[in-house]
Amino acid sequence: MSTPRFDILGQALADASRTRMLCELLDGRSYTNKELASAAGVTPPTATAHLQLLQSAGLVVAERRGRCVFHRLTSAEVAHALEQLASIAPSDALHQAQRRKAGELAPLRSCYDHFAGPLAVAMTDRFLSRGMLIERNGGFDIQPDDVWHKLGVELPQTVGKQPFARPCMDWTERRLHISGPLGRQLLSHALDIGWVKRQTVRRGLVLTMPGRVAFQQILGLDTHAVGAESAAS
């Protein structure tokens, strides 16, 4: 059995500018070299060197679209791993720096393709308390319930190789929220139906009034209590 090359990953993560780029990419979208340079506070040539190292480590991929080259995280698995690392980082490191940088980002945000922050944790707690999810062997088993349809979730007909619902440690709350296909469906539906809208600040989400009403009626969540910001519909 070959030894995992943690040293390569360690080198890729051992620079604050590169970690800021990775945090920027955690919203699941693609950004240009110039945009990531601005986020990291470095020049575009320096950003290019950082991105080449991140690509070599398998954390980031580059895709040409017309005249522009866009960069994104390699996969949801990379995003999940970064979120887990952030949850055990020293309190004055990644998550504190991100909160200072993004202001109102932390209360309600996306993590790659799923909800994160206090609302995500509150939703997960509610799913567990209602028996819609069962925590077992470090993972989540999903149970049929009419509520899933109201939340835009289509349950799988067969068990796949990858878990439908994955626990993800929230790096600001230090508690679990949901990732995987279930988390992706929840966020996608909420965006499509207008329950949440993306902020101009990257990764940030704004809970609309229809979204506040929906989460209250469907799940009985007091969104004010979990610090979710709202916007006029």
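Summary of the structure given here. (Residues numbered from 1 in each chain as written. Predicted model: local features only at pLDDT ≥ 70, side-chain atom pairs only at ≥ 80, totals over all residues. Heavy atoms only, no water.)

Attention shifts here to helix H7 (residues 118-129). In a regular helix each residue adds 1.5 Å, so twelve residues correspond to 16 Å; H7 covers 16 Å between its end C-alpha atoms and thus fits that length. The set of residues buried in H7 consists of Pro118, Leu119, Ala120, Val121, Ala122, Met123, Thr124 and Phe127. In the stretch just after H7, Gly131 is the one whose phi turns positive, near 80°. (Helix = DSSP H or I, 4+ residues; strand = E, 2+ residues; numbered from the N terminus. Expected span 1.5 Å × (residues − 1). Buried < 20%, exposed > 50% of the residue type's maximum accessible area, 1.4 Å probe, protein only.)

What follows concerns the pairing of strand S11 (residues 205-208). Residues Leu205 and Leu207 of S11 are buried on one face, and the alternating residues Val206 and Thr208, pointing to the opposite face, are buried as well. In this structure, strand S10 (residues 196-198) lies alongside S11, joined through three bridges in antiparallel fashion. Across the sheet, the residue bridging to Arg198 is Leu205, located in S11. (Pairing = 2+ DSSP bridges.)

Our focus in this paragraph is the layout of surface pockets. Taken as a whole, the second largest pocket holds about 160 Å³ of empty space. As for the second largest pocket, its lining consists of 14 residues, of which Ala76, Glu77, Arg166, Gly180 and Pro181 are closest to the centre. When residues of the lining of the second largest pocket are assigned to their parent elements, the largest contribution, four residues, is made by helix H5 (residues 76-88). Taken together, the residues of the lining of the second largest pocket break down into five nonpolar, five polar and four charged. (1 Å grid on protein atoms, 1.4 Å probe; cavity = no way out; pocket = protein on both sides within 12 Å on 5 of 7 lines; lining within 4 Å. Points joined across faces, edges and corners; volume = space filled by probe spheres on them. Nonpolar A, V, L, I, M, F, W, Y, C, P; charged D, E, K, R; others polar.)

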